[in-house]
Every structure is written in structure tokens, then in C-alpha cells.
Amino acid sequence: MRKLVYGMNLTLDGYIAAPGDDIGWGVPNDELFQWWLDQEVAIGLLMYGRKLWEMMSSHWPTGDQQPDATPAQIAFARNWRDTPKVVFSSTIDKVDWNTRLVAGDAVAEITRLKAGDGEPMRVGGATLAGAAMRAGLVDEYEIVTHPVLVGGGLPFFTALDSWVNLNLMETRTFPGGVVMTRYETKR
């Protein structure tokens, strides 16, 4: 069975985007960006909801061609293009860059993909991840907390039907007071 990981940058008050989908507070320093690259290289399948897909696909297909791209950003862009992706959306009609589109039941498809063999999968986007969390499909949480309060926006965690107990697996501090905590779901 494949492991399903949900991880993103978030504010200290728990938001992945401030009002207006503003993520300007979460610009990673070089060390944090390298950590994210290391995590992504270990992932065999990326799963996105529409909003996160639109954000990622607006930059990373050509991210390695930007004149100010760092070696880690170049590697991230190339890995992003090469990694298989699934986008869950009923409003998009075309995807590119090693991606397939699923308009049907996201939980059923994630369950099917998780049941197979292979490298870990990452779910991204609050709505899609929330559905996977409520279905009990998330095995690991990578929470990268930035020292900023934005007071509202798009929350990292969704409302749940029941408690989810977790085991702390790792913590790490990055420059600027950013703290990564990694948890696994107790089964």
C-alpha cells in the first residue's frame, strides 16, 4: 500500500493562504526550499485540486528557465514536470506536463491509487486534502509553520468527523523561525 502525505507551508494561525489567496508570507529561504525539493524527489505521484494545480502549473513548467533560478529551483521545476500528477477538477478540461485529469469521485480514486504499490503520494490543496483526511487516507502530515499571523484565509486543516491521533516523527527549525513538524497517523 502506498503512503499518502499532506504537507504545505502555513501560517502560525493555521492558514495556507491569506485572504485573496495571498501566499506572499511563505517565501522559502534556500535551506527550506532545498528541504521541500528533497521531499518532492521522494514522491511518486502528486495529486492536486484545481486551485493548487493552477498555481503550480502557472510557474513550474518553466521555472528552470527563469534567469534568477537557483540550482534547487531548477531541480524542483524539472522534478515537478517529470513526476506523474493527477488533478481532480470538474471545471478544467485540459492538463499538461505528465498529468491526468479526474472529474469523478476524488476519494474513490485516491483510495484506488493508495491501494497499489509504489512510491509515496502527496495530496495538495486544502479542499482535496480535506476530503482525503475525512476519509482517513492521510498517513503523514508535513507542517511547515511560518512565524506570521494573517487572521484568516484558507485553513490547512478541515473540519473532521472524528479525532485523528498522530505520532510526532520529526521537527526541524529553519532560518527565520520557520518550524517543520512531521507527524504520522496512528493506526
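Because the structure is predicted, anything quoted here is derived from the model rather than measured.

So, the sheet that holds strand β7 (residues 140–146)
- Read from one edge to the other, the open sheet built from 8 strands follows the order β5-β4-β3-β6-β1-β7-β10-β9, with strand pairing classed as mixed. Both edges of this open sheet fall to β5 (99–102) and β9 (166–174), since each of them pairs with a single strand only. On average, adjacent strands in this sheet sit at an angle of 20 degrees to one another, irrespective of strand direction.
- With 4 bridges joining them, strand β4 (residues 85–88) and β5 adopt parallel strand pairing. Residue pairing in the sheet places valine 86 in a bridge with arginine 100 of β5.
- Against the sheet, helix α1 (residues 30–41) contacts β1 (4–11), β3 (45–49), β6 (121–124), β7, β9 and β10 (178–185), and its axis sits at roughly 165 degrees relative to β7.

Some remarks on helix α4 (residues 106–115)
- Within the sequence span of α4, burial applies to Ala106, Glu109, Ile110, Leu113 and Lys114. Projected down its long axis, α4 carries its buried residues within an arc of 135 degrees, all on one side.
- In this structure, the buried residues of α4 make contact with β1, β3, β4, β5, β6 and α5 (126–134).

Digging into the confidence of the model for the protein chain
- Confidence in the prediction of the protein chain, expressed as mean pLDDT, is 92, and 100% of residues score 70 or more.
- No element of the protein chain has a lower mean pLDDT than helix α2 (residues 50–57), which averages 84, and none a higher one than β10, which averages 98.

Focus on the packing of α1 against helix α3 (residues 71–82)
- Here α1 crosses α3 at 25 degrees, and the two axes come no closer than 10 Å. What the angle tells us is that α1 and α3 run roughly parallel. Seen from above, α1 lies across α3 with left-handed handedness. Here Phe33, Gln34, Leu37, Glu40 and Val41 of α1 lie close against α3, whose contacting residues are Ala72, Gln73, Ala75, Phe76 and Asn79.
- Taken together, the residues of the contact of α1 with α3 sort by class into 6 nonpolar, 3 polar and 1 charged.

Definitions and cut-offs
- Residues numbered from 1 in each chain as written.
- Predicted model: local features only at pLDDT ≥ 70, side-chain atom pairs only at ≥ 80, totals over all residues.
- Heavy atoms only, no water.
- Pairing = 2+ DSSP bridges.
- Helix = DSSP H or I, 4+ residues; strand = E, 2+ residues; numbered from the N terminus.
- Axes fitted to C-alpha atoms, helices over the stretch in contact; angles between N-to-C directions.
- Contact = heavy atoms within 4.5 Å.
- Buried < 20%, exposed > 50% of the residue type's maximum accessible area, 1.4 Å probe, protein only.
- Arc of directions from axis to C-beta.
- pLDDT = per-residue confidence, 0-100.
- Parallel < 35°, antiparallel > 145°, perpendicular 65-115°, else oblique.
- Left-handed = near helix turned anticlockwise from the far one by under 90°.
- Nonpolar A, V, L, I, M, F, W, Y, C, P; charged D, E, K, R; others polar.

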